Amino acid sequence: MRENEWLNGYLEAILDVGTSRNGTRQAESSGHDSERGKRYSLKNSIQKKLGDDRLKLEKLGIQKQKEEKIFSPTKYFVEEVVNSFDEADLHRTWIKVIATRSSRQRNNRLENMCWRIWHLARKKKQIAWDATQKLVNRRLEREKGRSDAAGDLSELSEGEKEKEESNRTDSVTDISRISQTQIWSDDKSRQLYIVLISLHGLVRGENMELGRDSDTGGQVKYVVELARALANMEGVHRVDLLTRQITSPEVDSTYGEPIEMLSCPSDGFDSCGAYIIRIPCGPPEKYIPKESLWAYIPEFVDGALSHIINMAKALGEQVNAGKPAWPFVIHGHYADAGEVAARLSGVLNVPMVLTGHSLGRNKLEQLLKQGRLSREDIDTTYKITRRIEAEELGLDSAEVVVTSTRQEIEEQWGLYDGFDIQLERKLRIRRRRGVSCLGRYMPRMVAIPPGMDFSSVLAQESLDSDGDLKSLIGADKIHKRPIPPIWSEIMRFFANPHKPMILALSRPDPKKNITTLLKAFGECQPLHELANLTLILGNRDSIEDMSNSSSSVLTTVLKLIDKYDLYGQVAYPKHHKQPEVPEIYRLAAKTKGVFINPALVEPFGLTLIEAAAYGLPIVATRNGGPVDILKALNNGLLVDPHDQKAISDALLKLVADKNLWHECRKVGLKNIHKFSWTEHCSNYLSHVEQCRNHYSTNHLSIVSTPEEPLSESLRGIEDLSLKFSIDVDVKANGELDVASSEQKVIDVLLQKATCKEKLVNIYCPGRRQWLYVVAVDSYNSNGSPTQALPSIIKNVMQVGGSKSSQIGFVLLTGLSLPETKDMLTNCQVNLEHFDALVCSSGSEMYYPWRDLEVDEDHESHIGYRWPGENIKSMVVRLAQIENGPENDDMQPSQCSSRCYSYSIKPGAKISKIDELRQRLRMRGLRCNLVYTHAAKRLNVIPLFASRSQALRYLSVRWSIELPKMVVFLGERGDTDYEELLGGIHKTVILRGSVDHASEMIGHSEESFKTDGRVSQASKKIALAEGFAVTDISKVLGCIGIM
C-alpha cells in the first residue's frame, strides 16, 4: 500500500504540472466568467508572442536553441512511474480511480492518464522482453557455434594422429619454449619500422590537453608514450604514430602540422626516432568527434597507405639495401584505428595488433542497464553498432590483441562473436602440436599493463621524503620555499590546506562516478573533518560550454558541495596543464593523502600507477583493471563503486592509520618497476616476434617503373633493334649474310612472343598516369549482365582513348573469369585493352597482357586465414533462416581456389550478410561475404580479399597513386558497393546504369547504415546524368580530369 501512496503522489504531481503549464486552471464553480475570459485572452497573447519569437528564431537559423533539451517535470514523473512501479500497481490505481470517480474533470483526467501510463509500462516491458530474447538467442547461437567448433576439433584424423605421435617428443619441448614468452633480444643490427594508429582526439607530444573532451583522454597519453618508449628500444629504427590532421580554428595550430618529432636518439641517423604523422581525413576545418569519423575512415586508410609506402621506400634506401622496409607490425588503438589497421594489414600483408582501450559491447550493456536511453537512441548518439562491427573486424584481422588486464579478456572481449576463450585455447594447442585447425582462427589475447616513465619521478621521490607542508607554506617567510602555481590554485579552496588531501583525477564523465565519491565524503563526518578533497575534472572555461554529460556532472558536484556545506574542504580548479599533473600528485603525497579512482568500470587505470609512483596509497574500483594493479602493487584497497559507505570507510582507514599509510607508500614504490615502459615494450615486442614466426612472409613487391616510358607503337622495338645490330651475321668477304640474319630476326620475334617473362619486362603498368576502373554492377532480374555494362566499358574506353598510353583500364566485377570473358566477347570488347581484370568480387586478379595469367602474388597475398574446403559445406547450412525449414535455396555453383560461389533461387529466404558473418565468426571461420548478380549469387572469399582492397593492391604494386584512379559505379550495386565509394580515389556514379542490386539482403536491420560508412558530402564523388560518352566526358571535366 505504501508503494501505491507513492504512485498516487506521482500521478497527482503530473496533473499539477500539466495544469500549471497550461496557464489556466479550470474553476470549480460556474462563476468567474470574466476572469476566465481574461485568462483566455492572456493565453492567446502569450501564444502569439511565442509564435512570433519562434518565427524569428527560425529565420535567424539558431539551431542551438532548438537542440537544447528543456527540463520537463512531466517527463520526470512519468519516467519515475514507468521505471519504479510494476504494471500491477498501475492497474490497481486505475481500478481505484474508476471506482471512486466523480463528475469532476480531474478524476476523469486521472483515469485516462493512468490508463495511458499503464499501457506505456506494458509496452516498455514488452520491449525489454524482446531485447532479452535477442540476447538469449545470440547466446544460444554462440553456444551452438562453440559446440560445432568443439565437435570438429575434438577428434583427430588418422593422419593427424600419426603426425602427432611422430612429433610428440619435439612437441613437448616446443610447448615449453612457446609457453614461456620469448624475451626480446636487443639486437642493434635490426632496423625495425613500427606503425601505431590512434585516429581520434587531439594528439601531440607536449602540453597534451587531456580532459579537454571525451576523445582526448588517457589513450592519447598512452600512445604518445608508447611511441617514445618503442623508439628507445634497441633494434627499433623508427616508430610512426598516425593520427588525423586538424586545421580547425577551434583547436591549436600544432594539430595541423603534418609531422611532429617525439624523440630522436642521440646516436641516431637519418629518419630514426618517433614521430607523429598527421593524415588529412574528412573536413580539415572541423574537429570531429569519434562518433562522426566513421564515414572518413577509407580516406584515412588511403592516406596512411601512401605515407607507409613512401616511408618504406625511404627506409629501404637507408637500412635495407634498397628494398622497401615494410612495417614490423601495424598497431590499431580503439575501434576506429582497429579498422584502419585491419585494412592496411590486408593490403601490405603485415601482422596487425589491436588494443581496444574501451569496448563497444561493454559500453552498450552499461548504457542499457542504466535505462536512460533506448537501443535506437544509443546507436544514434554513439554509433555503437558501427563501432562493434569495427571491433569484430579487428578481431578477424589481428594476430595479437593487447589488453591491460585479464579481466578485460574474460569479461569484455568474451562478449564478441569473434573471440571465444575456450576455442582459442584449443586452437593454440593444436597449432603447437602441428595439427590442423580446420580453417579456424582466434587471435591471441595477451595482458600487458601499460608502462610509465619513472625516471623523473623516482629521482625526486624517496622513501624518506615524508615531510609535511610546514617547510613550504609555513609562517616563516624567510625560510619559505616557492611553491608550484598549481599548488596555490588548489590550496586557495581550503580553509586548512595542511589536512590530508584525497585526490581524484578524471574527466567529468558520469561513468567516472565522481558524484558518488562526493556523497561518500559529505556523509562521513569523520572523513571530511580529517581530510580535504580535490577534484581535478579536466579543463573548462564555463560549465555552459561543456557537453551535456560533462556539464551535468559539474553541476551535480556544485550542488552536492552546497548540500553538505563542504565549502573550504573541496577543491575543483577550472584549469590545469599536463606538466602540472606530477605536482598535483606530489601535493597529495606531501599532505599524506590518498588517491582514489571510483569509476563504475575502469578498463585499466593508468592514474593509479602514476599516483603510486609518487608515493600515494590508492583506493580503487573493484571493477576492471585496478584489480590486477592492486594485486601487483599491494598498496591500497578495492571498493564497490556503488557502495558509498565502503568508499568512505576505505578512505578513512588509509588516511587515519599513519602506519598503514606509510606501509602502502613503501610497498607501492618498491613494486612500481613492474609497470615501466621498458618492461612493457620488451613483452610487447616478444609477443609480436612470436606471432611473426607463423605469419606469412610474402611481402608486397613494387614493380619498378622505367625512367622514360616508351610509346605504344615502339614498345619492345628498342631492345629488338639492339639485338639485331649485335647478332647480324657477316660473310667471309665482308658482305652481310641476309638469309642468316632474317632467320635470326624471326627467332628473336618468336622468342619474344612466347616468353612471358620477357613480355613482363617490356610492358609495365607502372607507366600509366591514370587508371579508369569500371565497377558497375549491372544485372537483370535473373542475375545476368545487362547490355548496359559493355556499353559503359566501350564508352569509358572511348573517352580515355585519346590518351591511351597514359590511361589504363581495370574491370572490377563479381563475375567469374569465364563469365567476364563471355560478356566481353559477346559485346566485341578486346580483353587486351584492360590492364587488369579483377573477378569474383576481388578474389581473382588476371592480366590480359600476360595471356590472362593469374597474379599468383595476389592469390598468395589474400590466402592467409582462408578456410578453404572447411567452409564450403558449412555456408549452405548456416545461410538458412533461423528456425526455418531446411531447403535447397542455395547451391554451390562455381568454385576456384579463392572463391566459393553459391547460386540462390528466386524468392529464396536466406540470411543477411551480417547474420551469416556472425555465425561464421562464432565458429572461428574468417572470410568475406558478398551478395552479387542482383542477389542471385553469394561469393565467399578470403578475409583480405575485396574489390576496394584490390585497388589498393594495384596502387602499391604499380606505383599509381590512388587519387589518380577514377572508379565508375552505378547508383546501387553488390553488397560491397559502399566500400568502393569511400577513399581518396575519384568516383563517378553513372545514373540509370543499374536496375537490380543486392542490397535487399545486405546488412541486417541492426547493422550500421550507409551514412555511417560513406561521407554524403564528399567532393571526390561526382554524378553523371547517364553513361553515354558525352555524359562521361562532361563529368570528368567537372572534376578536373579532362
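You'll find the structure just up there.
First, a word on scope: everything that follows refers to the structure included in this document. Quick caveat: nothing in here was measured; it's all calculated off a predicted structure.

Cut-offs used in this document
- Residues numbered from 1 in each chain as written.
- Predicted model: local features only at pLDDT ≥ 70, side-chain atom pairs only at ≥ 80, totals over all residues.
- Heavy atoms only, no water.
- Pairing = 2+ DSSP bridges.
- Helix = DSSP H or I, 4+ residues; strand = E, 2+ residues; numbered from the N terminus.
- Contact = heavy atoms within 4.5 Å.
- Axes fitted to C-alpha atoms, helices over the stretch in contact; angles between N-to-C directions.
- Buried < 20%, exposed > 50% of the residue type's maximum accessible area, 1.4 Å probe, protein only.
- Right-handed = clockwise from strand over helix to strand, strands pointing away.
- Salt bridge = Lys/Arg side-chain N within 4 Å of Asp/Glu carboxyl O.
- Phe/Tyr/Trp six-rings, centres within 6.5 Å; stacked < 30°, edge-to-face > 60°.
- Lys NZ or Arg CZ within 6 Å of the ring centre and 35° of its normal.
- Polar contact = N/O pair within 3.5 Å; in protein donor to acceptor, adjacent residues only side chain to side chain.

Overview of the sheet that holds strand β16 (residues 807-812)
- Within the open sheet, the eight strands sit side by side as β19-β18-β17-β16-β15-β24-β25-β26. Their pairing is mixed. With one partner strand each, in any of the chains shown, β19 (853-854) and β26 (1021-1024) form the two edges of the open sheet.
- Sheet topology places β16 next to strand β17 (residues 836-839); three bridges connect them, and they run parallel. In the strand pairing of β17, Leu811 is matched with Leu837.
- Relative to the sheet, helix α39 (residues 1029-1038) contacts β15 (770-774), β24 (965-969), β25 (986-990) and β26, its axis offset from that of β26 by approximately 150 degrees.

Thoughts on the pairing of strand β5 (residues 329-333)
- Burial of β5 is extensive: five of the five residues sit out of reach of the surface.
- Along β5, one buried face is formed by Val329, His331 and His333 and the opposite face, lined by Ile330 and Gly332, is buried too.
- Alignment of strand β1 (residues 192-197) against β5, held across four bridges, turns out to be parallel. Its bridge partner being in β5, Leu196 is matched across the sheet by His331.
- The sheet contact formed by β5 and strand β6 (residues 352-355) spans four bridges and is parallel. Across the sheet, His331 pairs through a bridge with Val353, a residue of β6.
- Traced from β5 through helix α11 (residues 334-348) to β6, the parallel crossover comes out right-handed.

Some details on the pattern of salt bridges
- For the coordinates displayed, the defined rule picks out 35 salt bridges.
- In this structure, Asp240 and Arg238 form a salt bridge, with 2.8 Å as the shortest nitrogen-oxygen distance.
- For Asp240, a relative accessible area of 0% puts it in the buried group.
- Measuring nitrogen to oxygen at the nearest pair gives 2.9 Å for the salt bridge that ties Arg921 to Asp396. Taken together, the residues Arg921 in helix α36 (residues 913-922) and Asp396 in helix α14 (residues 384-397) connect sequence positions 525 residues apart.

Describing the packing of aromatic side chains
- Applying the stated criterion to the full structure yields 10 aromatic pairs.
- An angle of 40 degrees between the planes, with centres 5.7 Å apart, marks the rings of Tyr222 and Trp677 as tilted. Of this pair, Tyr222 sits in helix α9 (residues 218-231) while Trp677 sits in helix α28 (residues 677-692); the two residues are 455 residues apart in sequence, bridging distant segments of the chain.
- Assessed through its relative accessible area of 6%, Tyr222 is described here as buried.
- Among the residues examined, Trp677 registers a relative accessible area of 7% and is labelled buried.
- A connected cluster of aromatic rings, assembled from ring pairs, spans Tyr585, Phe595 and Tyr614.
- Taking NZ or CZ as reference, Arg361 lies 5.3 Å from the ring centre of Tyr416, over its face.
- Of note, Arg865 hangs over the ring of Tyr441, and the distance from its end group to the ring centre comes to 3.8 Å.

As for the sheet that holds strand β13 (residues 618-621)
- Reading across from one edge, β11-β10-β9-β12-β13-β14 is the order of the six strands in this open sheet, with parallel pairing throughout. Edge positions in the sheet fall to β11 (570-571) and β14 (636-639), since each of these pairs with one other strand and no more.
- In this structure, strand β10 (residues 532-536) lies alongside β11, joined through two bridges in parallel fashion. Residue pairing for β11: Leu533 is matched across the bridge by Val570.
- Along the sheet, helix α20 (residues 514-523) contacts β9 (501-505), β10, β11 and β12 (594-597); its crossing angle with β10, the most-contacted strand, is approximately 170 degrees.

Concerning the side chain of Arg278
- Mapped onto the secondary structure, Arg278 falls in strand β4 (residues 273-279).
- One polar contact links the side chain of Arg278 to the main-chain carbonyl oxygen of Val203, over a distance of 2.9 Å.
- Look past the residues within four positions of Arg278 in its chain and what remains in contact with it is Val203, Arg204, Thr243, Arg244, Gln245, Thr254, Tyr255, Glu257, Pro258 and Glu260.

Digging into unusual backbone geometry
- In the Ramachandran plot, Asn207 falls in the positive-phi region, its phi being about 50 degrees despite a non-glycine side chain.
- The residue Asn207 is located in the loop between β1 and α9 in this model.
- Judged by its relative accessible area of 46%, Asn207 falls in the partly exposed class.
- The phi angle at Ser840 is positive, at roughly 50 degrees, despite the residue not being glycine.
- Within the secondary structure, Ser840 is located in the loop between β17 and β18 (844-847).

Any functional reading would require information beyond the geometric quantities listed.
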